[in-house]
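Structural overview
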Amino acid sequence: MENINKSQSDSHFLKKFSPVSIIISIIGFAASLYSLIIHLELILNSSSTSVCDINAKISCSDVIGSSYGEFAAIPLGAFGMTYFAILFSAAIMPRIANINHKWLASLELALGLVGLITSIVLAYISYNIIKITCPTCTVIHITTAVYALIKIKQYLNLKNETKRSQPDALTRFLAVSLCFGLPPLAAGLIGNIMAEHFKKPAVASKVNTEKKPEQSNIPTAETNNAIKAVMSFNKTNFVGNGEDYRRGSDSAKVIIQMFSDYGCPHCRIATEAILKAQDIVGLNNVLYVYRFFPLSNKCNPFMQSEGPYEFTCMLTEATRCAGQQGKFWEFKSWGFSAQFWSDAQRSESFSINGLKKEAVALGIDDVQFSQCIQSHVELQKIKDDAKIANDLNIKGTPLIYINGVEYTGDHSFSAFVEAFKRLL
């Protein structure tokens, strides 16, 4: 009789775990792990780009590497791994303690709602504040939302069932959650600290591999003249050899200038970070002046070879030609997105017909645009800017100056925000 009663009592308890919950937790954990890897690579200034960096509007690196990418010095990827490890702990609870459907449904509903609310907040930051889509983050958000919806439905189906569980079931759940959840959180914190310690200087491309003589700390006349040239800029296309294309107020207290190359991944990253930082600090406070230093002797007399990126000179001239019609920044963004394209797509898009097609899409007069490119109207301006960079003893791109002083800090938008605010 006692065995019969025990069997009837045990029938109220779950004995099998949920495969769906386990699959969801594994998918979310894997995506969060990949997010953590991207975060650490960005700190280390790795030259590789993530497979989910599609263009200027769809980029994991830009979102994960932003100031919103970590909390309390721990990358959000590590928090995600911990969260999905806790979901996994809940999914295997039937093998750990005597619990029924209602008890487990209540627990998983609470976990699902926490994840759903967090995902909504992070998605809002990505789409409305940073204004860039992160594919990896989106996978995590969708996974979290699916889990929450499943658990809401499951709870509603069991709302009339009586809760029944082993007295120490919650304690056992917390113990298992700590065992699964603490290691990824600790890995994120330690990984962040170690990456900061071993990170490389943020130099994207070498200009010249030949050893240069030791430079004196005393500025040369050429350097002084170059700094003066950086602090001044042409305001129209009819002064000097062309306008210095810029964004922000000409009377801004902070003037940031960059020398960039289209084949340089860090130039793209730094450009996008500066634009975001400028929006936060204010266009009236920060002026962003953009110059080029193409790593090719086709348009840069200070380079010894054609360089690794065959399209850089064509793109540089085309971008400045687009600038004559007020589309400099839009064309530049499109040009940088080619870093994610195939060679065949680049060859087609950067032919004169491909460039004209993009110009028309941006509302540019294609006849005036193509004449500008084919007549090399902007070539002398590019050479003049290259001379300024050379006189500044450029070692690599991007070369960035803020108020006449070379900037050697991180290329994250939070670092630029801090640098700008320090000068206001």
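These numbers were taken from a predicted model, which means no experiment stands behind them. Per-chain numbering applies: the sequence of each chain, read as written, is numbered from 1 onward. Only residues with pLDDT of at least 70 get local features here, since the model is predicted, and only at 80 or more are side-chain atom pairs given and counted; chain-wide, interface and lining totals rely on the full set of residues. To get the side-chain values, all heavy atoms of the structure are used, and hydrogens and water are removed first.

Observations regarding unusual backbone geometry
Cis peptide bonds are those with omega within 30 degrees of zero, and the linkage from Thr397 to Pro398 qualifies with 0°. Helix and strand assignments come from DSSP, with helices taken as H or I runs of at least 4 residues and strands as E runs of at least 2, each series counted from the N terminus. Along the chain, Pro398 falls in the loop between strand E7 (396-397) and strand E8 (399-402). Even without being glycine, Asn393 reaches a positive phi, approximately 60°. Note that Asn393 resides in the loop between helix H15 (379-391) and E7. What makes Asn393 partly exposed here is its relative accessible area of 22%. Within the chain, Asn403 stands out as a residue other than glycine whose phi angle is a positive 50°. Topologically, Asn403 is positioned in the loop between E8 and strand E9 (405-406). Working definition: with a 1.4 Å probe on protein chains only, accessible area under 20% of the residue-type maximum means buried, over 50% means exposed, and in between means partly exposed.

Quick word on the confidence of the model for the protein
On average, residues of the protein carry a pLDDT of 84, and 87% of them reach 70 or more. Residue-level confidence of the predictor is what pLDDT reports, using numbers from 0 through 100. The contact definition used throughout considers only heavy atoms, calling two residues in contact when any of these lie within 4.5 Å. This model gives residues 1-10 a pLDDT under 50, and the stretch forms one contact once residues within four places in sequence are excluded. The low-confidence segment residues 201-216 (pLDDT under 50) makes 28 contacts with residues lying over four places distant or belonging to another chain.

Examining the side chain of Ser412
With respect to the helices and strands, Ser412 occurs in the loop between E9 and helix H16 (413-422). Residues within four places of Ser412 in sequence aside, it is in contact with Gly65 and Ala273.

Points about the packing of aromatic side chains
For Phe, Tyr and Trp, where Trp contributes only its six-membered ring, two rings pair if their centres lie within 6.5 Å, and the inter-plane angle classes them as stacked under 30 degrees, edge-to-face over 60, or tilted in between. Under the counting rule described, the total for this entry stands at 22 aromatic pairs. With 5.4 Å between their ring centres and 90° between their planes, Trp334 and Phe350 make a pair best called edge-to-face. Placement of the pair is Trp334 in helix H11 (residues 328-337) and Phe350 in the loop between helix H12 (343-349) and helix H13 (352-361), with a sequence separation of 16 residues. You can call Phe350 buried: its relative accessible area is 4%. Taken together, the aromatic side chains of Tyr245, Tyr262, Tyr288, Tyr290, Phe292, Phe328, Trp329 and Phe336 make up a single cluster linked through ring pairs.

Re the sheet that holds E8
For two strands to pair, DSSP has to find at least two bridges joining them. The strand order across the open sheet built from five strands is E4-E6-E5-E8-E9, with neighbouring strands paired in mixed fashion. Since the sheet does not close on itself, it has two edges, and those belong to strand E4 (246-247) and E9, each with one partner. The axes used here are C-alpha line fits, helices contributing only the stretch in contact, and every angle between their N-to-C directions lies in the interval 0 to 180 degrees. Where helix H9 (residues 265-281) meets the sheet, its contacts fall on E4, strand E5 (254-260), strand E6 (286-292) and E8, and the angle it forms with E6 comes to roughly 160°.

Structural notes on H9
Multiplying one less than the number of residues by 1.5 Å gives the expected span of a helix. Relative to the 24 Å expected for 17 residues at 1.5 Å per residue, H9 spans 24 Å between its end C-alpha atoms, a close match to the ideal helical length. In terms of burial, H9 is a largely internal element, 15 of the 17 residues being buried. After H9 finishes, the residue Gly282 shows a positive phi value of roughly 120°.

Considerations on the state of the cysteines
The disulfide criterion used throughout: a pair of cysteine sulfur atoms within 2.5 Å. A full pass over the atoms with the stated rule returns four disulfides. Across a sulfur-sulfur distance of 1.9 Å, Cys52 and Cys60 are joined as a disulfide pair. Note on the Cys52 and Cys60 pair: the S-S dihedral is about -140°, so by sign convention the disulfide is left-handed. Across the disulfide, Cys299 is cross-linked to Cys313 (sulfur-sulfur distance 2.1 Å). Of note, the bridge from Cys299 to Cys313 carries an S-S torsion of about -80° and is left-handed in sense. Residue Cys299 is found in the loop between E6 and helix H10 (312-323), and its partner Cys313 is found in helix H10; the two are separated by 14 residues along the sequence. Look at the protein and number its bonded cysteines as they come in the sequence; the links are 1-2, 3-4, 5-6, 7-8.

What to know about the pairing of E5
The element E5 is largely enclosed, with a buried count of seven among its seven residues. Burial along E5 is two-sided: the residues Val254, Ile256, Met258 and Ser260 and Ile255, Gln257 and Phe259 are all buried. Across seven bridges, E5 lies against E6 in parallel orientation. If you follow Phe259 over to E6, its bridge partner there is Arg291. Assignment of crossover handedness uses the view with strands pointing away from the viewer, where a clockwise path from the first strand over the helix to the second indicates a right-handed crossover. Taken together, E5, H9 and E6 constitute a β-α-β crossover, and its handedness is right-handed. In this structure, E5 lies alongside E8, joined through four bridges in antiparallel fashion. Considered in E8, the bridge of Gln257 is made with Tyr401.

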